[in-house]
Amino acid sequence: MEELTWTGSMGAILVPLITLTAAVFLTGVVVQLVMGAFAPEVKLQSNPDGTLQGRGGLLGRLENYTGWLFMLLVALIVAFIVIAWFMPYGDAGILGEVSKRFLPTWIALIITFVLSITFKRRLGLYGKLFDSTIGMIGFGLVMFWVFTSIFVGLFDMIGTHDPLQQISGLKNKTPGVVVPEGQDEGFFPHYLLGGDNLARDIFTRMVHGSVIVMVIAPLATIFAFMVGITLGLPAGYYGGRLDTVLSFLANLILAFPVILLFYLLVTPEIVATGLPNFLAAFLFVFPLVFFGVLINSRYKNQAGKNGLLLALVLAPLAVLYFSTISDAGSPLYIWPEALDLFDIPGGILVVFVSVVFVNSPTVFRIVRGLALDIKTRDYVAAAQTRGEGPWYIMLWEILPNARGPLIVDFCLRIGYTTILLGTLGFFGLGLPPESPDWGSTINEGRKLLLIFAHPALPPAIALLSLVLGLNLLADGLREESLKD
Amino acid sequence: MGLFILRRLGVMILTALCLTFIVFWLTNLYPNLEKLAKTQGNFRMSDEQVQTYLGNRGYTQSLPVKYGQWLGVLPGYVIEGTDGETRARCEANGAPTEDTATFCGILQGEWGQSTVFKDDVSEIVSTRLGLTGKLMFWVMMVMVPGALIIGVLAGMREGSRTDRSLSTVSIVSTATPEYVSGVILIAVFATPLFGMQYFKGTATSAMDDATFNNFFLPVITIALYGMGYIARMTRASMTEVMTAQYIRTARLKGVSFPNIVIKHALRNALIAPFTVIMLQFPWLLNGVVIVETLFNYKGFGWTLVQAASNNDIELLLGVSVVSVFVVLVTQLISDIGYVFLNPRIRIS
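Values in this document were obtained by computation on a predicted structure and should not be read as measured data.

This brings us to the overall build of chain B. Assigned secondary structure in chain B consists of 13 helices and 4 strands. Taking 20 Å as the expected radius of gyration for a compact globule of 348 residues, we find that chain B reaches 26 Å, considerably beyond that expectation. For chain B, buried positions account for 50% of its 348 residues. If you take every contact in chain B between residues at least 6 apart in sequence, the share linking residues at least 24 apart comes to 65%. For chain B, the exposed area adds up to about 16300 Å²; of that, 63% sits on carbon and sulfur atoms. The centroid of the 26 positive side-chain charges in chain B is displaced by 21 Å from the centroid of its 23 negative side-chain charges.

Helices and strands together make up the secondary structure of chain A, namely 19 helices and 4 strands. The C-alpha extent of chain A, read off along each of the three principal axes, is 75 × 70 × 40 Å. For chain A, with 484 residues in total, the buried portion stands at 52%. A fraction of 69% describes how many contacts in chain A between residues 6 or more apart in sequence connect residues 24 or more apart. When the accessible area of chain A is evaluated, it comes to approximately 22000 Å², of which 69% is carbon and sulfur surface. Put simply, chain A has 28 plus and 33 minus side-chain charges, and the middle of one group is 12 Å from the middle of the other.

Here the focus is the layout of surface pockets. Residue and element names in this part refer to chain B. Taken as a whole, the second largest pocket encloses approximately 720 Å³ of empty space. Lining the second largest pocket we find 32 residues, and of these Y59, Y77, N93, Q113 and E314 sit closest to its centre. Among the elements of the structure, α2 (30-40), α4 (63-71), β3 (113-114) and α13 (313-341) are those that each provide at least two residues to the lining of the second largest pocket.

What follows is about a nonpolar patch on the surface. Taken together, the side chains of I107, I111, L115, F119 and L123 of chain A present a nonpolar region at the surface, about 430 Å² in accessible area. Locating L123 of chain A in the fold gives a position in the loop between α4 (103-118) and α5 (124-128).

Residues and elements named next belong to chain B. In the numbering used here, UniProt assigns the "transmembrane region" (unreviewed entry) feature to residues 9-27, 135-156, 177-199, 211-231, 270-295 and 315-341. This span, residues 177-199, is 52% helix and 0% strand, and a straight line between its end C-alpha atoms measures 20 Å. The distance separating the terminal C-alpha atoms of residues 315-341 is 38 Å; by composition the span is 100% helix and 0% strand.

The next thing to look at is the nonpolar core. Core analysis: the largest hydrophobic core is formed by 200 residues, its most contacted members being F102, F203, L233, F284 and F427 of chain A. In terms of residue count, helix α7 (residues 202-238) of chain A provides more of this core than any other element does, 19 residues in total. Apart from the residues within four sequence positions on either side, L233 of chain A is in contact with G228, V367, A371, M394, L395, I398 and L399 of chain A. Formed by 12 residues, the second largest nonpolar core is a distinct cluster that contains M238, I247, A250 and A265 of chain B.

Before going further, it helps to spend a moment on the UniProt feature "domain: ABC transmembrane type-1" (unreviewed entry) in chain B. According to UniProt, the positions carrying the feature "domain: ABC transmembrane type-1" (unreviewed entry) are residues 129-334 of chain B. The distance separating the terminal C-alpha atoms of residues 129-334 of chain B is 22 Å; by composition the span is 80% helix and 0% strand.

All right, on to unusual backbone geometry then. The backbone of D156 of chain A shows a phi angle near 50°, a positive value even though the residue is not glycine. Mapped onto the elements of the fold, D156 of chain A is located in the loop between α6 (133-155) and β3 (177-178). Phi at N296 of chain B is positive, roughly 55°, even though this residue is not glycine. The topology assignment puts N296 of chain B in the loop between α11 (271-295) and α12 (300-309). Taking relative accessible area as the criterion, N296 of chain B reaches 31% and is therefore assigned partly exposed.

Take empty space enclosed by the protein next. Residues and elements named next belong to chain A. All chains considered together, the criterion is met by 5 cavities of 30 Å³ or more. If you go around the largest cavity, you meet 13 residues; those closest to its centre are D196, T441, E444, G445 and P455. When residues of the lining of the largest cavity are traced back to their parent elements, those giving at least two are α7 and α18 (438-446). When its residues are assigned to classes, the lining of the largest cavity shows 6 nonpolar, 4 polar and 3 charged.

Let us now look at the packing of helix α5 (residues 121-156) of chain B against α12 of chain B. Residues and elements named next belong to chain B. Remark: α5 packs on α12, axes separated minimally by 7 Å, with the N-to-C direction vectors making an angle of 135°. One way to sum up the angle between α5 and α12 is to call them oblique. Taking contact as the criterion, the partners of I124, V125, R128, L129 and T132 in α5 are, on α12, F300, G301, W302 and T303. Each residue belonging to the contact of α5 with α12 can be placed in one class, and the counts come to 5 nonpolar, 3 polar and 1 charged.

All names here are of chain B. The assigned domain composition of chain B is domain 1 (29-108) and domain 2 (121-347). On the domain 2 side, the residues contacting the 7 residues of domain 1 number 6 residues. Of the roughly 580 Å² buried where domain 1 meets domain 2, counting both sides, 60% is carbon and sulfur surface. The largest contributions to the domain 1 side of the interface with domain 2 come from K35, L36 and W70, which together make up 61% of the buried area. Along the contact surface separating domain 1 from domain 2 lie 0 salt bridges. Scanning the region where domain 1 abuts domain 2 turns up 1 residue pair in polar contact (both at pLDDT 80 or more).

A separate point is the packing of α4 of chain A against α6 of chain A. Residues and elements named next belong to chain A. One can describe the packing of α4 onto α6 by two numbers: an axis separation of 9 Å at closest approach and a directional angle of 135°. Considering their axes alone, α4 and α6 lie oblique with respect to each other. The handedness of the crossing between α4 and α6 comes out as right-handed. Of the residues in α6, those touching α4 at P104, T105, W106, A108, L109, T112, F113 and I117 are M136, F139, G140, M143, F144, F147, T148 and F151. In terms of residue class, the contact of α4 with α6 is built from 12 nonpolar, 4 polar and no charged.

Scoring rules and cut-offs
- Residues numbered from 1 in each chain as written.
- Chains lettered and ligands numbered in written order.
- Predicted model: local features only at pLDDT ≥ 70, side-chain atom pairs only at ≥ 80, totals over all residues.
- Heavy atoms only, no water.
- Helix = DSSP H or I, 4+ residues; strand = E, 2+ residues; numbered from the N terminus.
- Rg over C-alpha atoms; globule rule 2.2 N^0.38 Å.
- Buried < 20%, exposed > 50% of the residue type's maximum accessible area, 1.4 Å probe, protein only.
- Contact = heavy atoms within 4.5 Å.
- Areas by Shrake-Rupley, 256 points an atom, 1.4 Å probe, with all protein chains shown as cover.
- Lys, Arg positive; Asp, Glu negative; His and termini not counted.
- Charge placed at Lys NZ, Arg CZ, Asp CG, Glu CD.
- 1 Å grid on protein atoms, 1.4 Å probe; cavity = no way out; pocket = protein on both sides within 12 Å on 5 of 7 lines; lining within 4 Å.
- Points joined across faces, edges and corners; volume = space filled by probe spheres on them.
- Patch = residues over 30% accessible without salt bridge, like charges linked within 9 Å, V, L, I, M, F, W, Y side chains within 5 Å.
- Salt bridge = Lys/Arg side-chain N within 4 Å of Asp/Glu carboxyl O.
- UniProt positions renumbered as here; feature names shortened; annotations may be inferred.
- Core = buried A, V, L, I, M, F, W, Y, C linked by side-chain atoms within 4.5 Å.
- Nonpolar A, V, L, I, M, F, W, Y, C, P; charged D, E, K, R; others polar.
- Axes fitted to C-alpha atoms, helices over the stretch in contact; angles between N-to-C directions.
- Parallel < 35°, antiparallel > 145°, perpendicular 65-115°, else oblique.
- Domains from an automatic or database assignment.
- Buried area = accessible area lost by both parts, 1.4 Å probe.
- Polar contact = N/O pair within 3.5 Å; in protein donor to acceptor, adjacent residues only side chain to side chain.
- Left-handed = near helix turned anticlockwise from the far one by under 90°.

Written out as structure tokens, the structure reads:
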């Protein structure tokens, strides 16, 4: 076995082509920016042949050309990815092999996009997303990591080695290094992106890291939203003293430097006191309260249906709640072992709680602002005149009408939570040091960054692409929802 | 206006008290104190020895008393220890003398002693703040003009190609946290990996002598993350101003486009970014902690990490007082500044 080169045999043609196209495209964009600053206002002109023209002249042509160049660039990169699938092992180079490993993800992505674009007119806001390029790119990036984490986490597909397996002799080796014979049972002949400081496969660790991020970030954001909504709606709707107190508390948490808060909450000494468990017990109650009030406020006049629905929703939630917060090692050991469905490893619970804790005040402020705005609308006054209860108005009149900004913020906030998780990992807080999540691996890699730069780069780029995807997705959603 | 400022100041002081009390409480939880005793004394202390060690140094007093002493509203302890030595808080745990002060807390200007650096907290905080101030100054010099130019250019003509490209650039920059951009920038520009080794990957030497070579990467790393956000806010405010009635009037009068932008729109468009820039300070603090750790620049953020990871109680409190102060003062400035800049808002 030879070491892999970056691009393999197809690199000889495609790489210079892609570089050239990219260079011309970037120059075009810069020239266009400079010219655009001095260009006159765009006016629609009618041509003699009866057609309409947006912008003519040199700038207009340049805009067209850069558009085409961008398409060409995308086509070349897609060709690079697709051709690699059909090449025998070793010919496609490192990038080609990486692309091959991601094959399940690619297939899932293609299916999603084909289906969504075909039926986009019937899919509401989600379908409208496919009208905006930015939104589609963002959605693609996000779904790439979603599918990757599903295939890695549930089917153990994409990774090439075990994320914790160390193979001697591969410490800090550069990408494409050959795995020595007889070292690895499920034999994969190369470390695609090289070995890290402890001779583990960087590529495998990167894809396994996506699972941790994809589990914690959206869940933590959902919890933060539950807390923020349950507290923010009454604060905005009732106002007065309740609002003053809650806003003061929210501002208190927001005035804390986030990193100081993490250091104070996540150190092993504090974890030993059980403080995070108590905090978890407090924060995780909010979903129960939220759903309880949501159902009760709507069906309280239909006693039978109300009781049934409440029991159906709250009983499983309560079991989940107690299974989550009760832990044999912690001071909050209140739930019988027989009913304890699962144990969350201590580190993950602490990280989860602190991320929810940091995020919820911001959500609170957003929801409170929206509630303040919407409660002056006529339909709220109509509901009040009908004699609806305050919680019905908050949860069934105000909340659905605040969904647009909340959905956009939800996307942004998942990205922000991912950044926070990375920050925690970067300072070595919370998750165990061998955990493959992106923050911890960046932290591992940065210690030797000036000597071996390659271990820190893949997780950094992975995190960047996910957060960027979420931001672009939010931007696309905002743009499309404003068009309504 | 005066009443408004007074009320804000009152809330500020209440917030600062609450926050320092929370930090005080968390750092004084028993496991933390035990760790402190073991690192300061020796690691093989038995539980009783830890108890007496902490008792002799005043750590086992009740929490409100300790907080009052730290604040300077209660007299500092004088404890006759079980080992025969008498320790006074106001003599840095030395024997009390004739002119030992009764009160020695923050209010008297005594910030206490750092247990890690073996130095006065006020001394450490002020030198470290000076270093971070230098970093922040250059970050501001890069970030603010850059962000404003991008924002104004993008917001000038909403929906144009320029707008779309610059908006994408600012989205990318807000999506890149400091520890990602820092790692990428170091890998590209400070290691031989890509053959572009133009800058230094550490900023330790920049503490005494900052040059373009060793200071550019940390500055640009912090600036990039904040730049996108400010640019987007500037863009939003610029697009709003450009649709205003008086801009249309100016255009109908035949004023040229550059003139409209510079003379009519810019002044009003820059009110909102002012608030945003002020409110960015707390976020910059975050970035400073990450970047100073990454580039080994021993400033304020680096001190925070050292204090927090070693549970250096008084240094950590000093650091949090300063950072909370920065956050609250910038909030106040942004509120007052907004009222001054925007004649449409009056606070009665």
